[in-house]
Structures are given as structure tokens and as C-alpha cells.
Amino acid sequence: MAPIDVRLVGVTKRFGDTLAVDHIDLEVESGEFFSLLGPSGCGKTTTLRMIGGFEQPTEGRIELQGEDVTWLPPYRRNVNTVFQNYALFPHLNVYDNIAFGLRRRRVPEREIRARVAEMLRLVELTGFEKRRPSQISGGQAQRVALARALVNRPAVLLLDEPLGALDLKLRKQMQVELKRIQQEVGITFIYVTHDQEEAMTMSDRIAVMNRGRYEQLGDPESLYERPASRFVAGFLGVSNLLPAILDGTVGDYAVARLRDDTPVRIPRGQTAGLSRIEVGVRPEKIRLREPDEPVPDGHNTLTGVVRDASYMGVSTSYIVEIRGGARLTVYEQNVERATRSELWRPGEEVRLSWSPDHTFVVPVEDDRSSDEEVPAA
Amino acid sequence: MAREAAVTELAGPRLGWLDRFARVFDRYLLLIYTGFAVLYLMLPIFVIALFSVNDPIGRSNVAWRAFTLKYWLDPFGVPGLFDAVATSLKIAFASTVVATALGTLIALALVRYQFRGAGATNLLIFIPMATPEIVMGASLLTMFVAIGRPPFFPLNELTILIAHIMFNISYVVVTVRARLVGFDRHLEEAAMDLGANEWATFWRVTFPLILPGIIAAALLAFSLSIDDFVITNFTAGRTVTFPMYIWGAARIGIPVQVNVIGTLIFLVAVGFVALSVVLGRRRA
Ligand SMILES: Nc1ncnc2c1ncn2[C@@H]1O[C@H](COP(=O)(O)OP(=O)(O)OP(=O)(O)O)[C@@H](O)[C@H]1O
Ligand SMILES: [Mg+2]
């Protein structure tokens, strides 16, 4: 296992009555692209600012490469930050902005020249040395901010929604760019975002945060395929959740019964220690068939009526109401039914089926108020 | 231009006298208004400058007689004037330096930190600006007399300096604070993030960014100090500043040299303004 670059032990931050960060334990490995993902106000920025040294935790300890830095000021920590609004120094040109950190460390001017030039090459801004921050575009400012931080060769780079101010196209482009730069320099990145797609495409691991804690931590695939809570299931993409009761096992699968007694198979490992559950399945895993068409052996199957169909080009999104009234979202690639006239129509009866391996389980939370924050499935 | 063309087109050939008047009015009103305003502001200064090259008979320099440069070549040719100007400059300089330094620090504290008494301090800062000078001068005099011992009594240059620093601080705080309110704190965090300690952060980031505000405050303080008469008159004792010299001289006739010095001060001030405009342009 790679050495640990950043370790948070029981870190808590209170602002008066607000509990911004609530006993977080976290370990980020060296060289990792680690994301903190969560809705607005969940404590992502606060967590990042504590690692950077701009806030002190109310409780707990922060270690950087094994050294306790909880009470060290920002300028004594081997981390650098890319701020959300970039925070470029308006009175300095691009060159002097990037050289700022090296000058504070009394690096000889000759070496500074070489390193700044190298950074400008890395972020593809050679020739912009003399420009003022007010004379460059948002995307360029973002890259200057990145260069200004990276030129110091920190152990860890902290990024707080660095692409938040950019338009969608530039954002996508910068995501690829950022990932490339991270792989090129091999520095640990801790990346804050509330954009799940951004976190999924870039990260090695993601901590999904909610109300000052993280609900689940893992690589993008396991978070998506096996979300551990309602919140994670709803925050990362769309998911269909149906209340169910566990009822025995069949082979490698546990069986749960829905409200109307329909059995649903679930990979056995997921149900350990749970009693009240909801079974979940992602919309793209479900197949729609004619009610009398056969379904592969062992697949979970339900019948329902199409309530809505929205054609989206690549795929079509259906809302299907099953017996008992629950509504499921289903995505179908527009391959077999490619033209609009061939799509399922509202009112048509359909059979839904999916592989039991694509079924996941989340515990029913007693704290119903958390439902409000789950984006509509 | 485009707008005018559009108007012409719409109105066509039947442009009434009212429309024509409105157009002329529209076009020249601002110009005329500005012309009058500038004239109003500049006329007294022009008269001062004009009479600095007059060659009057006797003591009264109020009627134009003949052009001469002799007073410009000998600006301190009347007894006491040089000392008065020197005293004024000395006090203006010292009070500007002290008030700018203290006022900037107060502004920083007021904007940056929440502390007990911040609200009261904000209010107190306004009092010297809001109080009539005559009241302030009188109460300062009362205070110094009540203390009744050196270095505050008898009154001297130090008491004038104390008074000037006091009212200047208020103006400095207000000016610098305006510059600080829009200041992005992330810039200072970024500096610290890049390895600058508090000291380096202040001098490398905070100070250069609020410098225009500090310079504006210093210029304001200097000009307030150099022409203050009312408060100075109460706190001066036997000391004579430039405004007090003029006041004293006015009773028997103001010497032409006063016009020379006045014009010089004006030119220096204009020079400063021009310099700041040029610097500002180059920066932008
Ligand atoms: N300086 C502060 N004083 C008081 N409360 C604060 C302060 N900073 C943050 N908070 C509160 O702490 C909570 C977490 O804030 P934080 O900025 O970490 O959220 P975030 O996850 O970064 O949200 P966003 O995605 O909107 O940036 C919020 O409820 C916020 O109001
Ligand atoms: Mg934030």
C-alpha cells in the first residue's frame, strides 16, 4: 500500500452552533486523486481549509506525511491550494504570481526562471508571463492558479471546486487537462466538488459527504454499483429504491420481498447485518420487454405500465409504474427501438427485468429528514 | 451620432423649433454646465495667480497695475513668511506621516477583526469630522490650558501637531477603510499558502493593494493640515503657520509673496494629481 499523505483523525469543526465537520477520519494515499463530493454546505470547503491551515479544527488531529500539522500556519505546511476564485494577485503579472512561492523560499532567480517556464509549458501558457490577471480568461486564470501552486512541488495539492466558474465545455476540457497534469507530476490531489460526474471521471477514490460526515468512501465504480446509503444512491446518478423485507436465500443470493410480495434477488454479501432495507437498481440496468416475452433465468422481474417516455437521442428515459404504485426510471439505449415511433408508449404494459448482480441494498434510515436531501430518483 | 441620425429620420423635414431647441440643449447642456462649474472653481485661483505677477503701489494688492516677476524671484522677501511656511510644512508633514500610519492600522483593525468596542470606535472616528472646528479648537485649548505644564503649555508646535494628527486620523481611517472593504481575503490566504508569513503577506500583498487608498489618505491629510486655520489658531500659542500669517497680514495688506506661495502650493497639488492620474493609467 502506498504511504499515507494526509490523515484526519476525529476532525470536527464548529462555527458557533453550526457543526460544519463532524468527526471525520480520513486517509489519503500518496499520489492519489481523492475527491470530496457532496451537496452545498456539507463541509467540503471547511475540511479542505483545515488541511490547508486556514481553519483550526475544534477537535481532532491532522497529519501530513506522518507529521502532526494541526496547529501549524499555512506557510509551514507542505501543501498548496487552488482557490475557488483562483485568488491570483492582481498587482502581479502571471510570471510573478507563479514565482511568488519560490521567492518566499529564497530559491535563486535562475532556478525560478527555469521552473516557472516549465510550469507555463505544463499548463500551456508559455508567452503569457507579462499579462496581468485582469488580462487573461477564466480558463487561463485557472491554469495560472494551478501552476502557481504546483511550481512549489507540494506533497499535496488542495483544489476547491477549481472548475466551478467555467462553462460546461471548458470544464470538460479542463477535467481531462487536470487529470493529465496530476498523472504527469504525480502529486496527491484532494479535490472538492459538488458535481458527481466530475468526481467520477477524475478520481481514484471519492468520499461522499453529507452534513459534515462522509457517508461512503470508495472508488467511483463501487460507489455507483453498490451505494451504501439512500443518500449516496441518490447523489451519484439516478437510482430506483423499493422498500423490501429480507426473506431467506437462494444459492448465492439473498431474497427480499417487495410490498406486493414480489421476490427480488440480491448478492448475498450486501445484506449482512441489515434488517429493514430498500433494494435498489440503476435505470440503465433494467430491460423492458413485452409482458409475455420470456426473461432470462434467475433475473429479477416486475411488471408495470409505462407512464412517461422522454426521448433523449442516445437513449430514452421511461417512467414505469409497477404494481403497488412505485415508479421506476428506466433508460433504454435507442438501438433496438431506434425511431420515435418504435418507442414504448405511455399506457403500454411492460415487463421489467435485471440481473440480480446489479441489485444493491441500502438500509432504511430512521432519520426521515435526510430524505429531503436525496435528489429525486 | 447614430441617435441623432435616427431622430432626424423620424422627425423628417418637419423639425419644429421646439425639437431643434431640444437638440441643441441636449447636445450642449452638459458642456455649458461644466464650463460654468469649472469657471466657478478656478476663478479665485486664477485671481491669486494673476496678482502674484502684479506690481502694486503700497501695501494693497487688489488693483492691477503692471506685470512683474520680482516677487516670484524673491518669494520670501517679507519678514516672517519663510518661518511660517516652514512651520506649516513641518507640521503638515509630521501629522500626515503619523496620522496615515495610525489611521491605516485602525482601518485594518476595524475591517478585519471583531472586537469589543469596534462599534464604538467606528462612531468615535466620525466625531472629529462632524464636530465644528471652532468647538474642537476651543475644547483643545481648554484641555491644554487645564494640563497647564510643558510640553503642552505654553502652547507650541507640538500642540498644533497633536491637534492636526487628531482630525487627520479620522479622514485617513475613512479613506483607507473604503479601500479595505472590497478586499478579497483569499488573496492573503493564497499568500500564506505559498509560504509567506504574516509579515511578508502584509508587505507583499495587502500593502501594495491598499497603497492607492493610503496615498489618497496621505494627500488628503497633508492638504487638510497645511490650510487649517481655526483649530490651529486655538492651539498655536506664539507659533505662526502659513494660514495664520496671511490672516495677520490681511489687516494691513497682504504682501504679493503670499500670492506667489499660494500659487506654488496650488501647482504642487495639481502636479500630484496629474502624477497619480498618469501612474493610474500606466497601471491599468
Ligand atoms: N466562517 C464560517 N462561519 C460560520 N459558519 C461557517 C463558516 N464557514 C462555513 N460555515 C458553515 O459550515 C457549513 C459547511 O460549510 P462549507 O463551506 O464547508 O460547505 P461546502 O461543502 O464547501 O459547501 P459549498 O459546496 O456550498 O461550497 C455550512 O453550514 C456553512 O454555513
Ligand atoms: Mg465550498
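Residues numbered from 1 in each chain as written. Chains lettered and ligands numbered in written order. Predicted model: local features only at pLDDT ≥ 70, side-chain atom pairs only at ≥ 80, totals over all residues. Heavy atoms only, no water.

When helices and strands are counted, chain A shows eight helices and 20 strands. Dimensions of chain A along its principal axes, counting C-alpha atoms only, are 80 × 50 × 40 Å. Across the 377 residues in chain A, those meeting the buried criterion constitute 53%. Contacts spanning at least 24 positions in sequence make up 66% of the contacts within chain A whose residues lie at least 6 apart. Per element, the accessible surface of chain A, about 17100 Å² overall, is 47% carbon and sulfur. Taking the average place of the 49 positive charges on the side chains of chain A and the average place of its 55 negative ones, the gap between the two points comes to 7 Å. (Helix = DSSP H or I, 4+ residues; strand = E, 2+ residues; numbered from the N terminus. Buried < 20%, exposed > 50% of the residue type's maximum accessible area, 1.4 Å probe, protein only. Contact = heavy atoms within 4.5 Å. Areas by Shrake-Rupley, 256 points an atom, 1.4 Å probe, with all protein chains shown as cover. Lys, Arg positive; Asp, Glu negative; His and termini not counted. Charge placed at Lys NZ, Arg CZ, Asp CG, Glu CD.)

All right, on to the domain arrangement of chain B then. You'll often see interface size given as the accessible area lost when the parts meet. Domains assigned within chain B are domain 1 (14–68) and domain 2 (79–254). Here the C-alpha centre of domain 2 of chain B lies 35 Å away from the C-alpha centre of domain 1 of chain B. (Domains from an automatic or database assignment.)

Residue and element names in this part refer to chain A. Between its first and last C-alpha atoms helix α5 (residues 168–185) spans 26 Å; for 18 residues at 1.5 Å apiece the expected length is 26 Å, and the two agree. Arg171, Met174, Gln175, Glu177, Leu178, Lys179, Ile181 and Gln182 are the residues of α5 that are buried. Taken together, the buried residues of α5 touch β3 (33–37), α3 (109–122), α4 (138–150), β7 (156–160), β8 (188–193) and α6 (196–202). (Expected span 1.5 Å × (residues − 1).)

This part is about the pattern of salt bridges. Residue and element names in this part refer to chain A. Per the counting criterion, the structure on display carries 32 salt bridges over all chains. For arginine 180, the salt bridge goes to glutamate 184, with nearest N and O atoms at 3.1 Å. One end of the pair, arginine 180, and the other, glutamate 184, are both in helix α5, four residues apart, so they sit about a helical turn from each other. With relative accessibility at 52%, the residue glutamate 184 sits in the exposed group. (Salt bridge = Lys/Arg side-chain N within 4 Å of Asp/Glu carboxyl O.)

Below, the discussion takes up the sheet that holds strand β12 (residues 253–258) of chain A. Residue and element names in this part refer to chain A. Taken together, the five strands give an open sheet; going across it, the order is β13-β12-β11-β14-β20, and neighbouring strands pair in antiparallel fashion. Whereas interior strands pair on both sides, the edge strands pair on one side only; in this sheet they are β13 (263–267) and β20 (360–363). Neighbouring strand axes in the sheet, compared pairwise and without regard to direction, differ in orientation by 50° on average. Here strand β11 (residues 240–250) runs beside strand β14 (residues 276–281); their pairing, made up of six bridges, is antiparallel. Paired with leucine 242 across the strands is valine 279, a residue of β14. (Pairing = 2+ DSSP bridges. Axes fitted to C-alpha atoms, helices over the stretch in contact; angles between N-to-C directions.)

Now for the nonpolar core. Residues Ile98(A), Leu146(A), Leu150(A), Leu157(A), Leu159(A), Leu178(A) and Phe189(A) are the most contacted members of the largest nonpolar core, which totals 38 residues. Of all the secondary structure elements, the ones that give two or more residues to this core are α2 (94–104), α3, α4, β7, α5 and β8 of chain A. Non-local contacts of Leu178(A), meaning those with residues more than four positions away in its chain, are made with Leu146(A), Leu159(A), Pro162(A), Leu163(A), Phe189(A), Tyr191(A) and Met202(A). Formed by 35 residues, the second largest nonpolar core is a distinct cluster that contains Leu108(B), Val173(B), Phe183(B) and Ile210(B). (Core = buried A, V, L, I, M, F, W, Y, C linked by side-chain atoms within 4.5 Å.)

Residues and elements named next belong to chain B. At their nearest, the axes of helix α5 (residues 118–130) and helix α7 (residues 157–181) sit 8 Å apart, and the two run at 125° to each other. Classified by the interaxial angle, the pair formed by α5 and α7 is oblique. The handedness of the crossing between α5 and α7 is left-handed. Residue-level inspection shows Asn122, Ile125, Phe126, Pro128 and Met129 of α5 in contact with α7, the latter providing Phe167, Ser170, Tyr171, Val173, Val174 and Arg177. (Parallel < 35°, antiparallel > 145°, perpendicular 65-115°, else oblique. Left-handed = near helix turned anticlockwise from the far one by under 90°.)

Contacts between the two partners involve 18 residues from chain B and, on the opposite side, 19 residues from chain A. Summing both sides of the interface, chain B and chain A together bury roughly 1800 Å²; the carbon and sulfur share of this comes to 63%. Linking chain B with chain A are one salt bridge. Residues Glu189(B) and Arg49(A) are paired through a salt bridge, measuring 2.7 Å at the closest nitrogen-oxygen approach. Summed over the shared surface of chain B and chain A, the number is seven residue pairs in polar contact (both at pLDDT 80 or more). Only α8 (185–193) and α9 (198–226) of chain B provide two or more residues apiece to the side of chain B that touches chain A. Considering every element that reaches the side of chain B that touches chain A, the biggest residue donor is α8(B), with seven residues. Looking at the side of chain B that touches chain A residue by residue, the class counts come to ten nonpolar, three polar and five charged. (Buried area = accessible area lost by both parts, 1.4 Å probe. Polar contact = N/O pair within 3.5 Å; in protein donor to acceptor, adjacent residues only side chain to side chain. Nonpolar A, V, L, I, M, F, W, Y, C, P; charged D, E, K, R; others polar.)

Our focus in this paragraph is the pairing of strand β1 (residues 4–15) of chain A. All names here are of chain A. As defined by bridge partners, β1 adjoins strand β2 (residues 18–29) across eight bridges and the pair is classed as antiparallel. Note on β2: the bridge partner recorded for phenylalanine 15 is threonine 18. Linking β1 back to β2 in an antiparallel pair, the connection comprises two residues, with glycine 16 at a positive phi of about 60°. Taken together, the five bridges between β1 and strand β4 (residues 59–64) define a ladder with antiparallel strand orientation. Directly across from valine 6, in β4, lies its bridge partner leucine 64.

Turning next to the site of ligand 1. Residues and elements named next belong to chain A. Looking at ligand 1, the residues that line it are Phe15, Thr18, Ala20, Pro39, Ser40, Gly41, Cys42, Gly43, Lys44, Thr45, Thr46 and Glu161. One nitrogen or oxygen atom from the main chain of glycine 41 is found 2.7 Å from an oxygen atom belonging to ligand 1. Separating an oxygen atom of ligand 1 from a backbone N or O atom of glycine 43 is a distance of 3.0 Å. Looking at the shell around ligand 1, the elements that each hand over two or more residues are β2 and α1 (44–52). Considering each element in turn, the shell around ligand 1 owes the most residues, three residues, to α1. For the shell around ligand 1, a count of residues per class yields four nonpolar, six polar and two charged. (Near = heavy atom within 4 Å.)

The next thing to look at is the side chain of Asp228(B). Residues and elements named next belong to chain B. Along the chain, the position of aspartate 228 falls in the loop between α9 and α10 (230–235). Arginine 251 provides the closest opposite charge to the buried, salt-bridge-free aspartate 228, at an N-O distance of 16 Å. At a separation of 2.6 Å, a polar atom in the side chain of aspartate 228 contacts the side chain of threonine 232. Filtering out sequence-adjacent residues up to four positions away, aspartate 228 remains in contact with Glu133, His164, Phe167 and Pro243.

What follows concerns the environment of Thr12(A). All names here are of chain A. Assignment of secondary structure puts threonine 12 in strand β1. Residue classification places threonine 12 among the buried residues on the basis of a relative accessible area of 0%. Linking threonine 12 and aspartate 297, residues 285 residues apart in sequence, is a C-alpha distance of 50 Å. Beyond its immediate chain neighbours, meaning those up to four positions away, threonine 12 contacts Leu19, Val21, Asp22, His23, Pro57, Thr58 and Glu59. Within the local environment of threonine 12, its side chain forms a polar contact with the backbone nitrogen of histidine 23, the two atoms lying 3.0 Å apart.

Here we take up the confidence of the model for chain B. Residues and elements named next belong to chain B. Overall, the predicted model of chain B reaches an average pLDDT of 87, with 93% of residues at or above 70. Of the regions scoring below 50 in pLDDT, residues 1–11 engages in five contacts with residues more than four places distant in sequence or in other chains. Under the prediction, the complex receives an ipTM of 0.83, its pTM being 0.80. (pLDDT = per-residue confidence, 0-100.)

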